[in-house]
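For reference, the chains in residue letters:
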Amino acid sequence: KLPLVKGVYHYYRPNENSTKQAQHFIKNVKIQSGDMIPVLDIEKHSTIQSRDRLRQGIKNWLNLVEAHFGVKPMIYTGDRFFWDVLHGQGFDEYPIWVANYNPIDKPETKNWVIWQFSEEGNLEGIKSELT
């Protein structure tokens, strides 16, 4: 059996202060050798700021977390969000975990290192109940 690798991610709230979000993440996360790199989950557009301001906030979060942990975070996002908001805007250098629920056609997103092609799965020893 392969060892289980653990990691942490932050669900980015596009209408909230990026510095406060990064500070909360840094305060509450401890990364150990063998853990995944930090992951920023960004899927939603802001309803109170421009796309450029949203990008600035995302970059701010990524920079603060990288400075603290000493490693470039990964970005979790979907194909559409990547192309609509992130591509060509300084985010292409980050490793990408792309959510694309099509197990046949590879994602269009560039530089993905993890492809999540389903919302379902099982892990031996972990029980879950559908409600």
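A quick note: this is a predicted structure, and the numbers were derived from the prediction, not measured.

A few words on the packing of aromatic side chains. All told, the structure shown has four aromatic pairs when counted by the stated rule. Centroid distance Y76 to W97: 5.2 Å. Interplanar angle 85 degrees. Geometry classified as edge-to-face. With Y76 in strand 3 (residues 74–78) and W97 in strand 4 (residues 96–99), the pair connects residues that are 21 residues apart, well separated along the chain. Feature note: the residues F25, W61 and F69 constitute an aromatic cluster, connected by ring pairs. Here K72 stacks its cationic end above the ring of Y94, 4.5 Å away from the centre of that ring.

We now examine the nonpolar core. Counting residues in hydrophobic clusters, the biggest one holds 22 residues, and the most contacted among them are Y12, I42, I58, W61, L62, I75 and L86. Residue assignment for this core shows that the elements contributing at least two residues are helix 1 (18–28), helix 2 (51–69), helix 3 (79–86) and strand 4. Here the element with the most residues in this core is helix 2; it accounts for five residues. Apart from the residues within four sequence positions on either side, I58 is in contact with Y12, L40, I42, L86 and F91.

Take the pairing of strand 4 next. Pairing geometry for strand 3 and strand 4, over four bridges, is parallel. Residue pairing for strand 4: G78 is matched across the bridge by A99. Traced from strand 3 through helix 3 to strand 4, the parallel crossover comes out right-handed. As paired strands, strand 4 and strand 5 (residues 112–116) are joined by four bridges and run parallel to one another. The partner of V98 across the bridge, within strand 5, is W115.

With that out of the way, let us pick up the pairing of strand 3. Taking burial as the measure, the five residues of strand 3 include five buried ones, the bulk of the element. Here strand 3 shows no split at all, with M74, Y76 and G78 on one side and I75 and T77 on the other all buried. Pairing analysis gives three bridges linking strand 2 (residues 39–41) to strand 3, with the strands arranged parallel. Directly across from V39, in strand 3, lies its bridge partner M74. Regarding the hand of the β-α-β motif, the stretch spanning strand 2, helix 2 and strand 3 is right-handed.

With that settled, the discussion passes to the packing of helix 1 against helix 2. Running from N to C, helix 1 and helix 2 point in directions that differ by 30 degrees, and their axes come no closer than 8 Å. In terms of orientation, helix 1 and helix 2 fall into the roughly parallel class. Considering only the axes of helix 1 and helix 2, their crossing is right-handed. Contact with helix 1, carried on its side by S18, T19, Q21, A22, F25 and I26, involves G57, N60, W61, L64, V65, H68 and F69 of helix 2 and no other residues of that element.

Bringing the confidence of the model for the protein into the picture now. Averaged over the protein, the pLDDT score is 87; the fraction of residues at 70 or greater is 90%. In the model of the protein, strand 5 stands out as the element of lowest mean pLDDT, 77, in contrast to helix 1, which has the highest, 98.

The rules behind each value
Residues numbered from 1 in each chain as written. Predicted model: local features only at pLDDT ≥ 70, side-chain atom pairs only at ≥ 80, totals over all residues. Heavy atoms only, no water. Phe/Tyr/Trp six-rings, centres within 6.5 Å; stacked < 30°, edge-to-face > 60°. Helix = DSSP H or I, 4+ residues; strand = E, 2+ residues; numbered from the N terminus. Lys NZ or Arg CZ within 6 Å of the ring centre and 35° of its normal. Core = buried A, V, L, I, M, F, W, Y, C linked by side-chain atoms within 4.5 Å. Buried < 20%, exposed > 50% of the residue type's maximum accessible area, 1.4 Å probe, protein only. Contact = heavy atoms within 4.5 Å. Pairing = 2+ DSSP bridges. Right-handed = clockwise from strand over helix to strand, strands pointing away. Axes fitted to C-alpha atoms, helices over the stretch in contact; angles between N-to-C directions. Parallel < 35°, antiparallel > 145°, perpendicular 65-115°, else oblique. Left-handed = near helix turned anticlockwise from the far one by under 90°. pLDDT = per-residue confidence, 0-100.

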